[in-house]
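The primary structure of each chain is shown beneath.
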Amino acid sequence: MIEVADRLKHVEEYYFSKKLKEVAFLKSQGKPIINLGIGSPDLEPPFKAIMALGESLNDKTAHKYQSYLGLLELREAIVDFYKNHYSVNLSAKTEVLPLIGSKEGIMHISMAFLNPGDEVLIPNPGYPTYASVTKLLGAKPIYYNLTEDKNWEPNFVALERLDLSKVKLMWINYPHMPTGAKASHKFYDDVIAFAKRHNILVINDNPYSFILNKNPKSILKYKGAKDVCLELNSISKTFNMSGWRVGMLAGNYDYINSVLKIKSNVDSGMFYGIQKGAIEALKSSEMWFISLNSVYQQRRKLIWKLATALNCTYDEGTSGLFVWAKLPPHIKSEEFTNLVLKEHSIFIAPGTVFGSNGEGYIRLSLCEEEDVIKEAIARV
Ligand SMILES: Cc1ncc(COP(=O)(O)O)c(C=O)c1O
């Protein structure tokens, strides 16, 4: 056997990759599994996006290598989207970079800015990829606590007490996954000031801002953000296109250009038809967002019922694709979710997948139809 690289010794297979194999096995044994564990939108993408993809296949250039920067038309659509929805002005030529999903961006940004031994501020709880990518590159995750009593916002007093001399990047993600918490205006001002004081690049990972959220925010709207911040965004959740793999990076030219240096050595552009479809999705009217959210609103009411049936409590003022529910005291998340899977054939994510501060919580997805959620309630 050939020995794998040392970096692989510091990361484990993604929890959902492992768990979904177990869930698939249970299904193959005839168990009627209900999957409320993952956030893969089940609703249709915008019809125009599908049509544009189909129609593009006959274009002469459809099957060739595409620009590393994406079509100018796609970058313009991203710029218009940022202007219309976040009131942020960007240059299509220099300040946006289409990505093959925002998850890809997490790796490429990290590769562009981290040397082995550098440190990275990572939310606990938070999206597990920030830490695994950091470890893969030989850098060190420094977890910062998010807790319910602070509405899942970082405590800057505690952060200032840390030795920040080796910290190069800070990941933030609001509306926050897994808790659904929304950040205050003050938070964005504070994090920018913090980043400037300590010369840290802050990346706001922003894929959930249009899900059950009346006021979508971009960090780039805040004063001074372009000096020290980048923003990742994605069409995965906003337009039910997670399998298309389209994300975007926005921010100042120098940072974007550094990421492009990595990216242009790793991939060779995004398939033309996918870009054409993404352009149409990004042009969707206000009606798209209204009808998408009306479906999620109804589902969320049912998921709240399910959470109550499971003896959990939850905050009704959150955003995003999940309900983050608190277990009764002294109950361990993973034991609880394993039991629910065993007894009721319902797959739910334990809060600990997202970090130690997720202990005592579970995460329920809104990506199942109402009838399926009703069936889950009936089973419990
Ligand atoms: C917080 C967060 N960031 C990024 C991603 C990745 O999204 P994409 O499909 O754009 O790669 C996800 C996906 O679940 C997520 O929850």
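Computed from a prediction, not measured in an experiment: that's the story for all the values here.

Visitor: Account for the state of the cysteines, with residues named and values stated.
Guide: Applying the stated criterion to the full structure yields zero disulfides. Not engaged in a disulfide, the cysteine cysteine 367 finds its nearest cysteine sulfur in cysteine 312; these two sulfurs lie 19 Å apart.

Visitor: Could you give an account of the packing of aromatic side chains, with specific residues and numbers?
Guide: In the structure shown here, the tally under the stated rule is 25 aromatic pairs. Consider the rings of tyrosine 15 and phenylalanine 16, whose centres lie 5.3 Å apart with planes at 85 degrees: the pair is edge-to-face. Taking the relative accessible area as the measure of exposure, tyrosine 15 reaches 16% and is therefore buried. Ring centres 6.4 Å apart and planes at 45 degrees place the aromatic pair phenylalanine 16 and phenylalanine 354 in the tilted group. You can see phenylalanine 16 sitting in helix α1 (residues 15-28) and its partner phenylalanine 354 sitting in the loop between β12 (349-350) and β13 (361-365), a full 338 residues away along the chain. Accessibility expressed as a relative area gives 4% for phenylalanine 354, which makes it buried. We note arginine 363 situated over the ring of phenylalanine 322; from NZ or CZ to the ring centre the distance is 3.6 Å.

Visitor: Talk me through helix α2 (residues 47-56); I want residue IDs and the actual numbers.
Guide: One turn of an α-helix holds 3.6 residues; hence residues three or four places apart share an orientation. Turning to α2, its buried residues are Ala49, Ala52 and Ser56. Looking straight down α2, one finds its buried side chains confined to an arc of 65 degrees; they lie on one side. Of the residues in α2, the exposed ones pointing more than 90 degrees away from the buried face are Phe47 and Glu55. Elements in contact with the buried residues of α2: α10 (272-282).

Visitor: Outline helix α5 (residues 129-136), supporting the account with residue identities and numerical values.
Guide: The complete set of buried residues in α5 reads Thr129, Tyr130, Ala131, Val133 and Thr134. On the buried face of α5, the contacting elements are α4 (102-113), β3 (119-124), β4 (140-145), β5 (167-172) and β6 (201-205). Directly beyond the C-terminal end of α5, a positive phi value near 75 degrees is found at glycine 138.

Visitor: Just give me the short version of unusual backbone geometry, but keep the residues and values in it.
Guide: Apart from glycine, the bulk of residues carry a negative phi angle, and the bulk of peptide bonds sit in the trans form. Residue proline 125 is bonded to the preceding asparagine 124 through a cis peptide linkage, with omega at 5 degrees. Its place among the elements puts proline 125 in the loop between β3 and α5. For the peptide bond that leads from tyrosine 174 to proline 175, omega is -5 degrees, which places it in the cis range. The residue proline 175 is located in the loop between β5 and α7 (185-198) in this model. With a phi close to 65 degrees, asparagine 311 is a non-glycine residue in the positive phi region. For asparagine 311, the position within the fold is in the loop between α11 (286-309) and β9 (313-314). With a phi close to 55 degrees, serine 345 is a non-glycine residue in the positive phi region. Within the secondary structure, serine 345 is located in the loop between α12 (333-344) and β11 (346-347). For serine 345, a relative accessible area of 7% corresponds to the buried category.

Visitor: Provide a residue-level description of the UniProt feature "domain: Aminotransferase class I/classII large" (unreviewed entry) in the protein, including the pertinent values.
Guide: Here, UniProt's "domain: Aminotransferase class I/classII large" (unreviewed entry) annotation points to residues 32-379. Spanning residues 32-379, this segment combines 39% helix with 16% strand, and its end C-alpha atoms are found 11 Å apart.

Visitor: Give me the lowdown on the packing of helix α3 (residues 72-86) against α10, citing residues and values where you can.
Guide: Direction vectors running N to C along α3 and α10 enclose 20 degrees, while the axes themselves pass 9 Å from each other. If you check the angle between α3 and α10, you find them roughly parallel. Here α3 runs over α10; the crossing is left-handed. Where α3 abuts α10, its residues Glu73, Leu74, Ala77, Ile78 and Phe81 lie against Gln275, Lys276, Ala278, Ile279 and Leu282. For the contact of α3 with α10, a count of residues per class yields seven nonpolar, one polar and two charged.

Conventions we followed
Residues numbered from 1 in each chain as written. Predicted model: local features only at pLDDT ≥ 70, side-chain atom pairs only at ≥ 80, totals over all residues. Heavy atoms only, no water. Disulfide = S-S within 2.5 Å. Phe/Tyr/Trp six-rings, centres within 6.5 Å; stacked < 30°, edge-to-face > 60°. Buried < 20%, exposed > 50% of the residue type's maximum accessible area, 1.4 Å probe, protein only. Helix = DSSP H or I, 4+ residues; strand = E, 2+ residues; numbered from the N terminus. Lys NZ or Arg CZ within 6 Å of the ring centre and 35° of its normal. Arc of directions from axis to C-beta. Contact = heavy atoms within 4.5 Å. UniProt positions renumbered as here; feature names shortened; annotations may be inferred. Axes fitted to C-alpha atoms, helices over the stretch in contact; angles between N-to-C directions. Parallel < 35°, antiparallel > 145°, perpendicular 65-115°, else oblique. Left-handed = near helix turned anticlockwise from the far one by under 90°. Nonpolar A, V, L, I, M, F, W, Y, C, P; charged D, E, K, R; others polar.

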